[in-house]
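Residue-level structural notes
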Amino acid sequence: MAGRINDEDVKAVRDAVPIDAVVSEYLQLRNAGGGNLKGLCPFHDEKSPSFQVSPAKGLFHCFGCQEGGDTITFVMKVDHLTFSEAVERLAGKAGITLRYEEGGYNPSHQRGERIRLIEAHKAAAEFYAAQLESPEAEIGRAFLAERGFDQAAAAHFGVGYSPAGWDHLTRFLRGKGFSDKELVLSGLSQDGRRGPIDRFRGRLMWPIRDIGGEVVGFGARRLRDDDNGPKYLNTPETPIYKKSQVLYGIDLAKKEIAKSSRAVVVEGYTDVMACHLAGVPTAIATCGTAFGGEHIKILRRLLMDNGSARVIFTFDGDAAGQKAALRAFEDDQKFAAETYIAIAPDGMDPCDLRLAKGDAAVADLVEPRTPLFEFALRQIVARYDLETPAGRAAALDEAGPVVARIKNSGAQHEVAVQLAGMLGILDTQFVVKRVAQLARWARDRGGKGPAPQRGPQPVPARAPAGPSGPALNLRNPVYATERELLKLALQRPDLVSPAFDAYGVDEFTAAPYAAVRQAIMDAGGAEYGTQDPQEYLVRVREAAPDDTVRAMVTELAVEAIMRRTVDEAYAGDQLVTVRLRAVDRRIRDVQGTFTRLSGGHGDPGQLAAVQNELWVLQQYGRALRERGAAAL
């Protein structure tokens, strides 16, 4: 049974690895004010950033899908890891050696499956890279040299060589402590008649890394004529490798993509290498599959869908390349970025172009010129005889629905005008109206149809489920003040302590906020937060009774406080408002009791006690109104 990770080590890992550094490996973060950062959520599709990170608190929260937590939670969710696996990965980044309880630590048995497969791939990448220097790999070095890649380029991209024997890598990894089951599960080995054998043999090897930089698979290029396998052989689908969810070169390109708001999509490993070496560090490629929806999700989080974002596709000029471009256009509307296509002269790919005409030609190639929609429409229109009315009508029948799929109505109108010009139809408005009609039909049939233009969209109210987030409650100023006080208690406990710790759960009238108040109480109160703010938030989240309340704690800990200047005066106002409303509620209750008892049917002693309580409450209320926080 796996040993439990020592609690002190978990805390050390949480403190040592900044949450913004970890999240930045997966998406672009920008300043959100108040010390927070924002980006497009990696857990759901969205057009404007509602995902916020608080480096000071070590927490993240998405105000769209309500996912939230600390650094460990983020790694668990984004990479589908267990708690132990996430801690182990972060400990590796921080150089922290973990201690395990309940029987010590046995790496071969107590590491999570994903961690083990990642470690096997890391060891395999090092093995292949070393083998590229062997005499047998001369053919691989020659292949690289012929395409303009020297030893430094190969090292930069981690290119290696798999020996031609049956089980060189398998025996090497066994010596590292990996089991046959792990090697087959990883896709590095496959079952042979007498046990596992190497999957890749006698090939040039490109390590495929995820966006976090971990090796999750390989692309293998055939080198010899007697190799009867495919030209390129990729790792099969495994627990850590899904070809529809990886982009070759994304680990090297992500920072520049985020910085420049531009991505260049090429077709092969050598094209990525050629682009990067030619001064185009935003180049990436798919791995043996068409560019699709999952790839778009990765890029959108880096591009942030701002108005200047550009995605440039490079495809061969042959029929297959044109088909790939049209397939990419089918997903074009999933981008808010503008998409373009670049086809090199004579149909050369970036690698060939660099060899023939140099680095400058590659850099010039990927300058955005032809919008992808224009290229797609021209490919459709070219199949028809536009000299005849029938040919123009047929071309409009095929191209019109393509334009109708454009969601932005302004862009749809503009492209419809361009389509009229391509077809040679002088009555531009006829084409515009036809496209608009097709878009309406699509909507009426239940298709997606054109969506409203970009801009603020109404946020649907969340259905209440126990103590859930108060989307509708925020319309009530009472609840808004309670929310603000809880944010202060979580984010600036120094401003509301010790007064806050004297507040009862019943002073918070919204059920979600009452649950958060209880969690703060169970975690030791706001007073504890003045001693160790980050550990305080961890304790409050752990004290929450369920995931819904825990998500609310995270949300309140990350959400910006409404006031630009947060000081003792502002905190005092929130404390007074919540307390005064609680006092006023109690006064109304006591007044009702007093009215019933004063009718002559009540106990005189009880009546006197109620009358005294009412007087005390009224005096306290008056003091709060006149003296503010000094009366607390």
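A quick note: this is a predicted structure, and the numbers were derived from the prediction, not measured.

Thresholds, definitions, all that
- Residues numbered from 1 in each chain as written.
- Predicted model: local features only at pLDDT ≥ 70, side-chain atom pairs only at ≥ 80, totals over all residues.
- Heavy atoms only, no water.
- Helix = DSSP H or I, 4+ residues; strand = E, 2+ residues; numbered from the N terminus.
- Expected span 1.5 Å × (residues − 1).
- Buried < 20%, exposed > 50% of the residue type's maximum accessible area, 1.4 Å probe, protein only.
- Pairing = 2+ DSSP bridges.
- Axes fitted to C-alpha atoms, helices over the stretch in contact; angles between N-to-C directions.
- Contact = heavy atoms within 4.5 Å.
- Parallel < 35°, antiparallel > 145°, perpendicular 65-115°, else oblique.
- Left-handed = near helix turned anticlockwise from the far one by under 90°.
- Nonpolar A, V, L, I, M, F, W, Y, C, P; charged D, E, K, R; others polar.
- Phe/Tyr/Trp six-rings, centres within 6.5 Å; stacked < 30°, edge-to-face > 60°.
- Lys NZ or Arg CZ within 6 Å of the ring centre and 35° of its normal.
- Salt bridge = Lys/Arg side-chain N within 4 Å of Asp/Glu carboxyl O.

**Describing helix H23 (residues 511–522)**
Taking 1.5 Å as the rise per residue, H23 with 12 residues should run 16 Å; its terminal C-alpha atoms sit 17 Å apart, in good agreement. Looking at H23, one finds that the buried residues are Pro512, Tyr513, Ala514, Ala515, Val516, Arg517, Ala519 and Ile520. Positive backbone phi, at 110°, marks glycine 524, one or two positions downstream of H23.

**A closer look at the sheet that holds strand S1 (residues 30–33)**
Spatial ordering of the open sheet is given by S1-S2-S3-S4-S5, a layout of five strands whose pairing is antiparallel. The sheet is open, and its two borders are formed by S1 and strand S5 (68–70), each paired with just one other strand. This sheet shows a mean twist of 25° between the axes of neighbouring strands, independent of strand direction. Note: S1 against strand S2 (residues 36–39), three bridges, orientation antiparallel. If you follow glycine 33 over to S2, its bridge partner there is asparagine 36. With respect to the sheet, helix H3 (residues 71–79) is in contact with strand S3 (51–54), strand S4 (59–62) and S5, its orientation differing from that of S5 by roughly 120°.

**Some words on the packing of H23 against helix H25 (residues 533–543)**
Running from amino to carboxyl end, H23 crosses H25 at an angle of 120°, the nearest separation of the two axes being 8 Å. Looking at the two axes, H23 sits oblique to H25. The two elements H23 and H25 cross, and the hand of that crossing is right-handed. Judged by residue contacts, Ala519, Ile520 and Asp522 of H23 engage Tyr536, Val540 and Ala543 from H25. A breakdown of the residues in the contact of H23 with H25 according to their chemical character gives five nonpolar, no polar and one charged.

**What to know about the packing of aromatic side chains**
For the structure on display, the rule yields 17 aromatic pairs. Judged by centre distance (5.5 Å) and plane angle (80°), the rings of phenylalanine 60 and phenylalanine 74 are edge-to-face. Highlighted residues: phenylalanine 60 in strand S4 and phenylalanine 74 in helix H3, separated in sequence by 14 residues. Using a relative accessible area of 0% as the deciding quantity, one classes phenylalanine 74 as buried. Put simply, the rings of Tyr26, Phe43, Phe51, Phe60 and Phe74 touch in pairs and so form one group of aromatic residues. Directly above the ring of phenylalanine 143 sits arginine 147, whose terminal nitrogen or CZ lies 3.6 Å from the centroid. Over the aromatic face of tyrosine 503 sits the side chain of arginine 579, whose NZ or CZ is 4.0 Å from the ring centroid.

**Regarding the pairing of strand S8 (residues 195–198)**
Bridging between strand S7 (residues 189–192) and S8 involves four bridges; their strand directions are antiparallel. The residue bridging glutamine 190 from the neighbouring strand is isoleucine 197, located in S8. In this antiparallel pair of consecutive strands, S7 and S8, the connection spans two residues.

**Regarding the pattern of salt bridges**
One pass over the structure, following the stated rule, counts 32 salt bridges. Taking the shortest distance from any N to any O, the salt bridge between aspartate 397 and arginine 434 comes out at 3.8 Å. On the criterion of sequence distance, the pair formed by aspartate 397 in helix H18 (residues 389–404) and arginine 434 in helix H20 (residues 428–444) is long-range, its members being 37 residues apart. A residue is classified by how much of its surface remains accessible, and aspartate 397, at 48% relative accessible area, is partly exposed. When salt bridges that share partners are traced, they join Arg483, Glu484, Lys487, Glu555 and Glu559 into one network.

**Observations concerning the packing of helix H6 (residues 113–131) against helix H9 (residues 168–175)**
Taken N-terminus to C-terminus, the directions of H6 and H9 make an angle of 125°; their axes are 10 Å apart at the nearest point. Judged on the interaxial angle alone, H9 and H6 are oblique. Note on packing geometry: the crossing formed by H6 with H9 is right-handed. Between H6, through Ala120, Ala123, Ala124, Phe127 and Tyr128, and H9, the contact on the second element is made entirely by His168, Leu169, Phe172 and Leu173. A per-class count over the contact of H6 with H9 returns eight nonpolar, one polar and no charged.

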